[in-house]
Amino acid sequence: MSKQLNLASFIKEVFFILSAVSIGISLQMTWFSTHGWNPMVESFAKYATGDAWNYRKMDLRLIATSIALIVVFFILRLALRTFIAKTKKFFLIKDQYKKTDTWTYLIFLLSTLGAFGIFLEPVVLFSAFVLIQVLLIFNLLHSANKTARNESESLNSSLPSRLLLGLFFASGFAALIYQVVWQRILFQSFGVNIESVTIIVSIFMFGLGFGSLVGGYLSKKYLRHQIYIFVVCELAIGLFGLFSINLIQFVASKTLLGSTLQIALTTYALLFIPTTLMGATLPVLVSYLHRFSKNVGETVSFLYFVNTLGSALASFLTVHLLFYYFGLQTSVVIAALFNFVVVYLTLKNFKIVESKETASQSLSLESNKVVKDKFSRLFYILTLSAAIGYISLSQEILWMRFIGYTTGSRPTVFGNLLCFFLMGIAIGSLWAAKICKKYENELLKIIALLLVISSVVYYFTIPFLAFLTGLIGEGAIPIMYFSSGLVALSLGTIFPILTHFAIRNNKAVGESVSLIYFANVIGSTAGPIITGFILLDQMSFTNNVRLLSLLTLLSALAVFFASGKILRFRVVSIAAVIGLIAFEFFIHQHLFNNMYEKLFYKHEYNSTKTFIKTIETRSGVINISPEKTGGDVIVGGGQYDGRFNTDLVADSNVISRAYMFAALHPNPTAVLEIGLSGGAWGSVISGNDKVKSLDIIEINPGYIDLVANYSPYKDLFNNPKIKIHLDDGRRWLIRNPDKKFDFILMNTTFYWRSQISNLVSIEFLELCRRHLNPGGILYYNTTGSPDIPYTAAHVFKYITRFSSFIAVSDTPFPTDQVLIKENLNLFLKNHALTPDPTDKNLLDKLDMLSKSDLSDKRNEILKTSYFTNVITDDNLASEFKTWKKVFMWERNWIQLMGNGSVQ
């Protein structure tokens, strides 16, 4: 028997190591096949069997990565086993978990399917691994619960909560899917300007807070029906979720022409019911589970932990799994299914619990050494809870700007950040249970110390990460996410500790928690409004970091002052905090020097690369990088966004694409440009005599400030034919249904950036089509995405290409080269664009443009099925699917064996 067990353990370890090796090979082969290989030109086998293999040192990479992943897997397994063994709630399953956990790593063996052209993204496999781990843990907990019922009724009293914890995990999982999806839908309808973002986030948070009050009231009034209240909430959330997308789109279509206040009130009314129900579940379950735990801090901390852990996992899986394989509608259906499963399992496993509890206030308002006045104590606790919520959400907003700038606004940043941020809060919440037991009489002191730690770590981590990015480049990005979770950990620990400190008896615990939670959510609601909407428009990012750090230290100072400790302790603590504040003021400028340059240039950064101008608004960050020739470079949100150049000869920014609009349309009198940037394109378009009106839509007021005060094209504001509108392009078109144009131009940003789907989806193209006059043309940048022209071919009858741009229309494009050349030569009359109209180089360039191939490419594009998707508002393909497919036989690794050994 012993030999059989040893053999089974040996086989299990072999497969464990093979899993690590397989994911290591997958990572490198995926990297290799996407760095330099052009699937439109050559097969993967031809590319891989050439010099590219040796040039990229693939032999060494495969061996080194495989060894590294083996080490990582062993460390990960050890960490998870240690976590299970050291956590009280999981202690009973530690032995069974250790026997079965290794098998969960076999999911990574699926990465070997790449040899047969089946590609599962490593992040998808990791997401599946995490989900399997969670399911394993809660399955073992449920089994332990059943065993406990059979063995001992007395033991049962300590274990009835375990399945319910798993169900609350699923509830949090579904809630975050809804939040991410609903935000995307609302942005599509109301625009992605900062006003919409602030409204949506704030209203969502406020709904949760109001729901906590409702849940607190219901948990006290209906003591015997708390489980049923939870069931009704989950059922209602699921039913709303099923129809939520169509409902949001319908309501948005009826209110889009309203004011910002009307939109805010409408959005709140729309999300009031589901967010209230989501917020109500925490106090209801706290009240129910407190009957078995009798320790407020432990009950709140563990409930908060599992719910937040579910939310963290959902935010990661939504952007890496659900949006990759499915879309928005399917994602909410999956979330609703989670709600319905929670309802079913709750009704099946839990019954009404009799209780003799009576409703009474449980916030300890009796006199004590901390605060003698009852009202003052209540006000003190709620204010501190609100301050913690404000600090936490403000940190998240500033993290979002910091990481978003570094990544160039990748669409996965929000989900990744939320995952690590919530994970930190979840772990902190779990840690709080031990603190509440071990330091029962030192809770205020602990809270103050945690605030100090949060402030100091946050303040110094930001410049350190910028410095690290300047050294190692994008390798610092994962460390940024980890750091955000580390900073959030300290704040996540405070909320359960504060509830334990505040609640002094066992009566109406749910209602008491709801009051503290409501105050916390009010502070969280204020974060996006004050920090995101006001302060980021008035102060730089670095000054906001300093201000938030100082506010955190001042909060710690207030807690130290009210802690009731001996005078000597208070004096030393307050002096230390004041010293930290003074130190931050002294070193701030040096610490954050050239932060944006390090984040943008990354490992190519050196002291000579300095931005000459930076404009920061609540809408984003714009930098100007000086260039000796070709015009200064504009950096918008951490990505190249154009140059100050209209010179067709010294074409440093491919400005020839702007001049080509005259060749595409014979008489473009009414033109719409979506996106102002530095004004170069608007200057070229308005410089054509045939253009009688040019409407320019810009979402970021920073660009308007840039053009008005820095750009060489500031005369745009004095041009009578130009009107500049500060708005989201999509929203402006919907709000102005009667506006028609001969030509719509978009120098669209990179296809992989967040929210770009709103400007390249099939729905947006249909919207533009309705705004075109007969013979009108939409002309925009594909930025290298095969999906963008493929989608356009499903809307318009004719498509042609020029450089990275496509022009689409329902009318054939001009073919008369004489007429095209005449239209292009109109630019020679504009001395601002062409100071020397006799310049031979200029004339040759115009002649070359006139001979460009403008033949229809629609059939050719439709035949290109490799790596192509039709982009819709639902599938967000340009952000999450471009250059990715699950099955691509042309890319299979087995071709290497079929072509012999690699040269």
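Residues numbered from 1 in each chain as written. Predicted model: local features only at pLDDT ≥ 70, side-chain atom pairs only at ≥ 80, totals over all residues. Heavy atoms only, no water.

Trainee: An account of the overall build of the protein is requested, with residue identities and associated values reported.
Mentor: Counting its regular elements, the protein contains 34 helices and eleven strands. For the protein, long-range pairs separated by at least 24 residues make up 78% of all intrachain contacts whose partners lie at least 6 apart in sequence. On the protein, roughly 36900 Å² of surface is accessible, and the fraction owed to carbon and sulfur atoms is 63%. (Helix = DSSP H or I, 4+ residues; strand = E, 2+ residues; numbered from the N terminus. Contact = heavy atoms within 4.5 Å. Areas by Shrake-Rupley, 256 points an atom, 1.4 Å probe, with all protein chains shown as cover.)

Trainee: Account for the environment of Ala432, naming residues and giving values.
Mentor: Note on placement: Ala432 falls in helix α15 (residues 413-438). Put simply, Ala432 and Phe495 are 63 residues apart on the chain and 8.4 Å apart in space, counted from C-alpha to C-alpha. For Ala432, the contacting residues outside a window of four places in its chain are Ser301, Thr493, Pro496 and Ile497.

Trainee: So what's going on with the packing of aromatic side chains? Which residues, and what values?
Mentor: Under the definition given, this model contains 38 aromatic pairs. Seen from their ring centres, Phe16 and Phe74 are 5.0 Å apart, and the 80° between their planes marks the pair as edge-to-face. Taken together, the residues Phe16 in helix α1 (residues 2-34) and Phe74 in helix α4 (residues 58-86) connect sequence positions 58 residues apart. Looking at Phe16, the relative accessible area reads 1%, which means it is buried. (Phe/Tyr/Trp six-rings, centres within 6.5 Å; stacked < 30°, edge-to-face > 60°. Buried < 20%, exposed > 50% of the residue type's maximum accessible area, 1.4 Å probe, protein only.)

Trainee: Please give an account of the pairing of strand β6 (residues 693-698) that cites residues and values.
Mentor: For β6, the tally of buried residues reaches five of six residues, placing the bulk of the element in the interior. Direction of pairing for strand β5 (residues 670-674) relative to β6: parallel, over a ladder of five bridges. Each bridged residue has a counterpart across the sheet, and for Leu672 the counterpart in β6 is Asp695. On the question of chirality, the crossover connecting β5 to the parallel β6 by way of helix α24 (residues 680-686) is right-handed. Note on the crossover from β6 through helix α25 (residues 701-709) to strand β7 (residues 722-726): the handedness is right-handed. (Pairing = 2+ DSSP bridges. Right-handed = clockwise from strand over helix to strand, strands pointing away.)

Trainee: Provide a residue-level description of the sheet that holds strand β8 (residues 741-746), including the pertinent values.
Mentor: Taken together, seven strands build an open sheet; the order of strands is β7-β6-β5-β8-β9-β11-β10 and the sheet is mixed. The open sheet terminates on both sides in strands that have one partner only, identified here as β7 and β10 (798-802). Between one strand axis and the next, the sheet turns through 15° on average, direction left out of account. Inspection of the sheet shows β8 paired to strand β9 (residues 772-781) by five bridges, in the parallel sense. Following the sheet pairing, Met746 is matched in β9 by Tyr780. (Axes fitted to C-alpha atoms, helices over the stretch in contact; angles between N-to-C directions.)

Trainee: Tell me about the pairing of strand β1 (residues 613-617), and name the residues and values.
Mentor: Pairing analysis gives five bridges linking β1 to strand β2 (residues 620-625), with the strands arranged antiparallel. Along β2, the bridge assignment pairs Thr617 with Gly620. Adjacent in sequence and paired antiparallel, β1 and β2 are bridged by two residues.

Trainee: Tell me about unusual backbone geometry, residues and numbers included.
Mentor: For Lys602, which is not glycine, the phi torsion reads 55° and is therefore positive. Note that Lys602 resides in the loop between α21 (595-601) and β1.

Trainee: Explain empty space enclosed by the protein residue by residue, including any values.
Mentor: It is a probe the size of a water molecule, rolled over the atoms, that shows where empty space is left. The final tally for this structure, using the stated rule, is three cavities of 30 Å³ or more. As a volume, the largest cavity reaches approximately 60 Å³. As for the largest cavity, its lining consists of Ser26, Thr30, Ser111, Gly114, Ile118, Phe119, Leu120, Glu121, Pro122 and Arg891. Of the residues in the lining of the largest cavity, the class split is four nonpolar, four polar and two charged. (1 Å grid on protein atoms, 1.4 Å probe; cavity = no way out; pocket = protein on both sides within 12 Å on 5 of 7 lines; lining within 4 Å. Points joined across faces, edges and corners; volume = space filled by probe spheres on them. Nonpolar A, V, L, I, M, F, W, Y, C, P; charged D, E, K, R; others polar.)

Trainee: Lay out the sheet that holds β1 with the relevant residues and their values.
Mentor: Strand order in the open sheet formed by four strands is β1-β2-β3-β4, with antiparallel pairing between adjacent strands. With partners counted over all chains shown, the strands left at the sheet margins are β1 and β4 (639-643), one partner each. Averaged over all pairs of adjacent strands, the angle between strand axes in this sheet comes to 20°, irrespective of strand direction. Taken together, the three bridges between strand β3 (residues 633-636) and β4 define a ladder with antiparallel strand orientation. Residue pairing for β4: Val635 is matched across the bridge by Tyr640.

Trainee: Mind laying out a nonpolar patch on the surface, listing which residues take part and the relevant values?
Mentor: A surface patch of nonpolar side chains, amounting to about 640 Å² of accessible area, comprises Leu7, Phe10, Ile11, Val14, Phe15, Leu18 and Trp103. Position of Val14 among the secondary structure elements: in helix α1. When its relative accessible area of 30% is taken as the criterion, Val14 is described as partly exposed. (Patch = residues over 30% accessible without salt bridge, like charges linked within 9 Å, V, L, I, M, F, W, Y side chains within 5 Å. Salt bridge = Lys/Arg side-chain N within 4 Å of Asp/Glu carboxyl O.)

Trainee: Which residues make up the environment of Leu265, and what values go with them?
Mentor: By the element assignment, Leu265 lies in helix α11 (residues 260-293). Sequence separation between Leu265 and Ile199 is 66 residues, and the spatial gap between their C-alpha atoms is 9.3 Å.

Trainee: Just give me the short version of the nonpolar core, but keep the residues and values in it.
Mentor: Counting 151 residues, the largest nonpolar core has Trp399 and Phe402 as its most contacted members. No other element matches helix α8 (residues 162-190), which puts 19 residues into this core. Of all hydrophobic cores here, the second largest spans 46 residues; its members include Ile624, Ala663, Val671 and Tyr703. (Core = buried A, V, L, I, M, F, W, Y, C linked by side-chain atoms within 4.5 Å.)

Trainee: Describe the packing of helix α30 (residues 817-825) against helix α31 (residues 840-850), listing the residues and the values that go with them.
Mentor: Two numbers describe how α30 lies on α31: the axes approach to 9 Å, and their chain directions differ by 140°. Taken together, the axis directions place α30 and α31 in an arrangement best described as oblique. The chirality of how α30 crosses α31 is right-handed. Contacts between α30 and α31 involve Gln817, Ile820, Lys821, Leu824 and Asn825 from the first element and Leu846, Asp847, Leu849 and Ser850 from the second. (Parallel < 35°, antiparallel > 145°, perpendicular 65-115°, else oblique. Left-handed = near helix turned anticlockwise from the far one by under 90°.)

Trainee: Outline the packing of helix α16 (residues 443-472) against helix α19 (residues 541-562), supporting the account with residue identities and numerical values.
Mentor: Two measures define how a pair of helices packs: the angle their axes make with one another and the distance between the axes. It is the contact of α16 with α19, at a shortest axis distance of 8 Å, that shows an interaxial angle of 165°. As judged from the angle between their axes, α16 and α19 are roughly antiparallel. α16 and α19 meet at a crossing whose hand is left-handed. Of α19, the residues touching α16 (which contributes Leu444, Ile447, Ala448, Leu449, Leu451, Val452, Ser455, Tyr458, Tyr459 and Ile462) are Phe541, Val545, Arg546, Leu548, Ser549, Thr552, Leu553, Ser555, Ala556, Val559, Phe560 and Ala562. Tallied by class, residues from the contact of α16 with α19 come to 17 nonpolar, four polar and one charged.

Trainee: Go over the confidence of the model for the protein with me, naming the residues and quoting the values.
Mentor: For residues with low pLDDT, the predicted coordinates do not support detailed interpretation. Scored by pLDDT, the protein comes out at a mean of 83, with 87% of its residues at no less than 70. This stretch, residues 151-160, has a pLDDT under 50; its non-local contacts, to residues over four places away or in other chains, come to eleven contacts. Residue range residues 352-372 is modelled with pLDDT below 50. Its contacts to residues more than four positions away, or to other chains, number 53 contacts. (pLDDT = per-residue confidence, 0-100.)

Trainee: Before we move on, could you go through the environment of Gly532 and cite the residues and values that matter?
Mentor: With respect to the helices, strands and loops of the structure, Gly532 is situated in helix α18 (residues 509-538). The exposure class assigned to Gly532 is buried, which follows from its relative accessible area of 6%. Taking the C-alpha atoms as reference points, Gly532 and Arg618, separated by 86 residues in sequence, lie 6.3 Å from one another.

Trainee: I'd like a rundown of the pattern of salt bridges, residues and numbers included.
Mentor: A full pass over the atoms with the stated rule returns 14 salt bridges. When the shortest N-O distance is used, the salt bridge between Lys851 and Asp847 registers 3.2 Å. Overall, the relative accessible area of 22% leaves Asp847 in the partly exposed class. Note that Asp853 and Lys857 form a salt bridge whose closest N and O atoms lie 3.2 Å from each other. By relative accessible area, Lys857 is classed as buried at 12%. Within the structure, one salt-bridge network assembled from shared partners comprises Glu766, Arg769 and Asp810.

Trainee: Talk me through the side chain of Ser809; I want residue IDs and the actual numbers.
Mentor: Take Ser809: it is sitting in strand β11 (residues 805-809). Of note is the side chain of Ser809, whose polar atom sits 2.9 Å from the backbone oxygen of Gly776. Look past the residues within four positions of Ser809 in its chain and what remains in contact with it is Gly775, Gly776, Ile777, Phe796, Lys797 and Tyr798. (Polar contact = N/O pair within 3.5 Å; in protein donor to acceptor, adjacent residues only side chain to side chain.)

Trainee: Give me the side chain of Ser22: which residues, what numbers.
Mentor: Its location among the elements puts Ser22 in helix α1. When its relative accessible area of 6% is taken as the criterion, Ser22 is described as buried. Not counting residues up to four positions away in its chain, the partners in contact with Ser22 are Phe108, Leu109, Ser111 and Thr112.

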